[in-house]
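Each chain, letter by letter, is given below.
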Amino acid sequence: MKKIIFLTTLLISLSCNKDYLDVVPDNVTTIADAFQNRNYTMNYLYTCYSYLPEVSNPDQNPALVAGEEVFYDDQSVRVKYSGNVNPQKISRGLQNSTSPYSNYWDGGSGGKSLWEAIRICNTFLENVDRPTDLDESERNRWISEVMFLKAYYHFYLFQLYGPIPIMDTNLPLNANSEEVRVYREPVDEVVEYIVSTIDESLENLPNNITSAINEMGRVTKPIALALKAKTLALAASPLFNGNPDVAHLQDSRGISLFPSGEDPTKWTRAQVALKEAIDAAHEYSNARLFDYRENSLLDSESLSDSVLLVLNIRQAVCEKWNSEIIWGSTESTRQIQINSAAKLTSSERINGSFAQFHSPTMRIAEQFYSKNGVPIGEDKEWVENNWYTNRFTTRLNNPEDNHQPYLKMNDYSPILHFNRESRFYGTLGFHNGLWIRSEEEPYILNGLVSGNAGPYQNEDFSATGYYSKKLVSIYTKPEAPYGIITEDYSFPRIRLADLYLLYAEVLNEVGAPEGEIFEYVDRVRERAGLEGVVDSWTKYSVNPSKYTSQQGRREIIHQERLIELALEGQRYWDLRRWKKLSDQMNNPIWKWNIYDETVTGYFDRVALEFRVFQAKDYFWPIKLSSIDVNNNLIQNPGW
């Protein structure tokens, strides 16, 4: 396979700036100094890790807010947020090629320069043999880790920009300008490079982490195999596999950068990789779906089954390094929790403990299943309902009414909040809904203007009327008089449910037997307290045979992913690779009428914002100044 050797296109314009070429810490002067011993070399290893995008940071992870899943109110952001939320501007159609938001090509506007990250990884690989006090087995492990990181940075660029150059080794400093005027390589070559680099990294990666204090977050074989599988699934998906919108794109050499047609064998290759990744996670990491009763430090015997189901989904994300995490981040989750948590008491309202403005949209509330485990638009009991009208909540002692543990009694809530599945109540907070903190009685969230979580003085409020409960640990709470105790957790980059549902998706695309496909979907549904797909659709759906066709199964699996992984930064990537973003984004964003002071008026549905998504938005623009410097870099269509 052809491997391109280059620094970055930015090097062309900065070739006279020697500072740009310095990739050593400030306290050393040369590459030789940076690798003079084991400790210095380890510091350089950590520098290679430092370019990982912060997945819990709304400014660094475009998948959190660049779509239509979460809304940030501009006024609240100006008042409270310690930084910008650049991806929110992308969601509003403001992406541009002059000064791109979330620029991971050059760095800036919330993005890190991943070409610089790759160059630093290459520098490490070129010099890791220098230290004489570094044990050979440890050296080999570090080489494998950096090989993986280099593959991951290529993967991240690939999923944003499509065809990219391949930076396998660095150019010498005396390279001429023509040598660094590189080309973007075709999709299939980029995928092969990423996959082969991951394969090369596997040899000396550990099976698991044995020192939790010192090494959590570092790369293992299950992580590498999971990324390989996700890369191949991305390459097999409609965005890259026979996408007619970009099939015409060629560079100045006349080379087509996208496949001309769909190749079904790409799904087969992804199937094999996903099974290998799942098996490795089971075998090496003892990975299993999170169960609150098995993992929590709290006594779960006193908790009802309904509460346990809610905590299963919430703490699958927020229980640090739990059994389901394949690859978790080591960054602090304090800010995302402050942004997401609701103010539940009068003292929290007064002292401004939580910001509340990481606000899920109403579309996310609508996507969850009914208590019967089917979409509310397909449930026999729901099709005649007016989802947005109010209903008075009374304690009927009816076992069929599963909303009772989750809603305030003797008050109003919209029908949309009644008789939903447990993941709905575990993911979203809302007015008159219950919110659980450890070792405390459940709170009732009050989102009215007069309430603790309401739009008090026009700041620190949820603009939609929904709150990101799923992203807040049950151990996070205010500390008198003005402090906050946040329980940091390992925000998941990849967790086991993600792999299960992706495997089911791939199995469906290759035509695997129905039972094999739904085995992995049903594992996730069982954890949520739902019946399996076949039973649920047969009993409760107005379309009981939906699961019997490949297209029907595809829709079911897609929605299962959107539900299970909601608010975790997966929805945007999934809708994008399925080419469904245009369907979702070109619709109004709805909210509750949060400024009305009556509960019945509060639960009026009103439009919050209208957005426009164009075909060009599927692939992000390369900054025009980079193309001006290197005219071999053809721009993505539409930019």
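Residues numbered from 1 in each chain as written. Predicted model: local features only at pLDDT ≥ 70, side-chain atom pairs only at ≥ 80, totals over all residues. Heavy atoms only, no water.

### Quick word on the packing of helix α4 (residues 38-49) against helix α8 (residues 114-127)
The following threshold applies: Lines are fitted to the C-alpha atoms to define the axes, a helix being fitted only along its stretch in contact, and any angle between axes, read from their N-to-C directions, falls within 0 to 180 degrees. Labels follow the DSSP assignment, with helices taken as runs of H or I lasting at least four residues and strands as runs of E lasting at least two, numbered in each case from the N terminus. We call two directions roughly parallel when the angle between them is under 35 degrees, roughly antiparallel when it is over 145, roughly perpendicular when it lies between 65 and 115, and oblique otherwise. Crossing handedness follows the turn of the near helix against the far one: under a right angle anticlockwise gives a left-handed crossing, and clockwise gives a right-handed one. Only heavy atoms matter for contacts: two residues are in contact if any of them lie within 4.5 Å across the pair. Under this grouping Gly is polar, as are all residues other than the nonpolar Ala, Val, Leu, Ile, Met, Phe, Trp, Tyr, Cys and Pro and the charged Asp, Glu, Lys and Arg.
At their nearest, the axes of α4 and α8 sit 9 Å apart, and the two run at 155° to each other. In terms of their interaxial angle, α4 and α8 are classed as roughly antiparallel. Note on packing geometry: the crossing formed by α4 with α8 is left-handed. Taking contact as the criterion, the partners of T41, Y44, L45, T47 and C48 in α4 are, on α8, I120, C121, T123 and F124. A breakdown of the residues in the contact of α4 with α8 according to their chemical character gives 6 nonpolar, 3 polar and no charged.

### Some thoughts on the confidence of the model for the protein chain
Applicable threshold: Across the chain, each position has a pLDDT score giving the predictor's confidence in that residue, from 0 to 100.
With 91% of its residues at a pLDDT of at least 70, the protein chain reaches an overall mean of 90. Throughout residues 1-24 the model reports pLDDT below 50, and contacts reaching past four residues in sequence, or to other chains, amount to 66 contacts.

### Description of the pattern of salt bridges
Basically, it comes down to this: Just to be clear on terms, a salt bridge is a Lys or Arg side-chain nitrogen sitting within 4 Å of an Asp or Glu carboxyl oxygen. Burial status follows relative accessibility: with a 1.4 Å probe on protein chains alone, a residue under 20% of its type maximum counts as buried, one over 50% as exposed, and anything between as partly exposed.
Under the criterion given, the structure shown has 46 salt bridges. We note a salt bridge from K343 to D460, for which the minimum N-O separation is 3.3 Å. Residue K343 is located in the loop between α16 (334-340) and α17 (346-351), and its partner D460 is located in the loop between β8 (443-444) and β9 (466-467); the two are separated by 117 residues in the primary sequence. The pair K343 / D460 is uniform in exposure class, with both members buried. Each of the salt bridges in this network shares a partner with another, and the network as a whole consists of E324, E421, R423, K470, R495, R525, R527, E560, E564 and E568.

### Some details on the side chain of E215
Condition: For this analysis, a polar contact is any N or O atom pair within 3.5 Å, provided that within protein one partner can donate a hydrogen and the other can accept it, and provided that sequence-adjacent residues contribute only side-chain to side-chain pairs.
Along the chain, E215 turns up in helix α11 (residues 212-215). For E215, the side chain forms a polar contact with the side chain of R141, separated by 3.1 Å. Setting aside chain neighbours within four positions, we find E215 in contact with R141 and I209.

### Some remarks on the packing of helix α9 (residues 136-161) against helix α12 (residues 221-236)
Where α9 meets α12, the axes come as close as 11 Å, and the angle between the chain directions of the two elements is 25°. By the angle between their axes, α9 is roughly parallel relative to α12. Classified by chirality, the crossing of α12 by α9 is left-handed. Seen from α9, the contacting residues are F148, Y152, F155, F158 and Q159; seen from α12, they are I223, A224, L227, K230, T231 and L234. In the contact of α9 with α12, the residues fall into 8 nonpolar, 2 polar and 1 charged.

### Structural notes on unusual backbone geometry
Positive phi outside glycine occurs at S102, with the angle close to 50°. By secondary structure assignment, the location of S102 is in the loop between α7 (86-91) and α8. Phi at N432 takes a positive value of approximately 70°, unusual for a residue other than glycine. The residue N432 is located in the loop between β6 (429-430) and β7 (434-435) in this model.

### Re the packing of aromatic side chains
Worth spelling out the cut-off: Only centres within 6.5 Å qualify two rings of Phe, Tyr or Trp (six-membered ring in Trp) as a pair; their planes then separate them into stacked at under 30 degrees, edge-to-face at over 60, and tilted for everything else. Ring-over charges, as used throughout, are those where CZ of Arg or NZ of Lys falls within 6 Å of the ring centre and within 35 degrees of the ring normal.
One pass over the structure, following the stated rule, counts 39 aromatic pairs. Note on Y406 and Y425: the rings are 4.1 Å apart at their centroids and 20° apart in plane angle, and the pair reads as stacked. Here Y425 lies in helix α19 (residues 422-427) and Y406 lies in the loop between β4 (390-392) and β5 (412-414), a separation of 19 residues in the sequence. Here Y406 matches Y425 in class, with each residue buried. With a centroid separation of 6.4 Å and an interplanar angle of 75°, the aromatic rings of F430 and Y466 are classed as edge-to-face. Pair noted here: F430 is in strand β6 and Y466 is in strand β9, with a separation of 36 residues, a long-range link. Accessibility expressed as a relative area gives 2% for F430, which makes it buried. On the accessibility criterion, Y466 (0% relative accessible area) is buried. An aromatic cluster is built from F368, W382, W387, Y388, Y406, F424, Y425, F430, Y466, W592, Y602 and F603, whose rings are joined through pairwise contacts. Over the ring of Y520 we find R523; its NZ or CZ atom is 4.5 Å from the centre of that ring.

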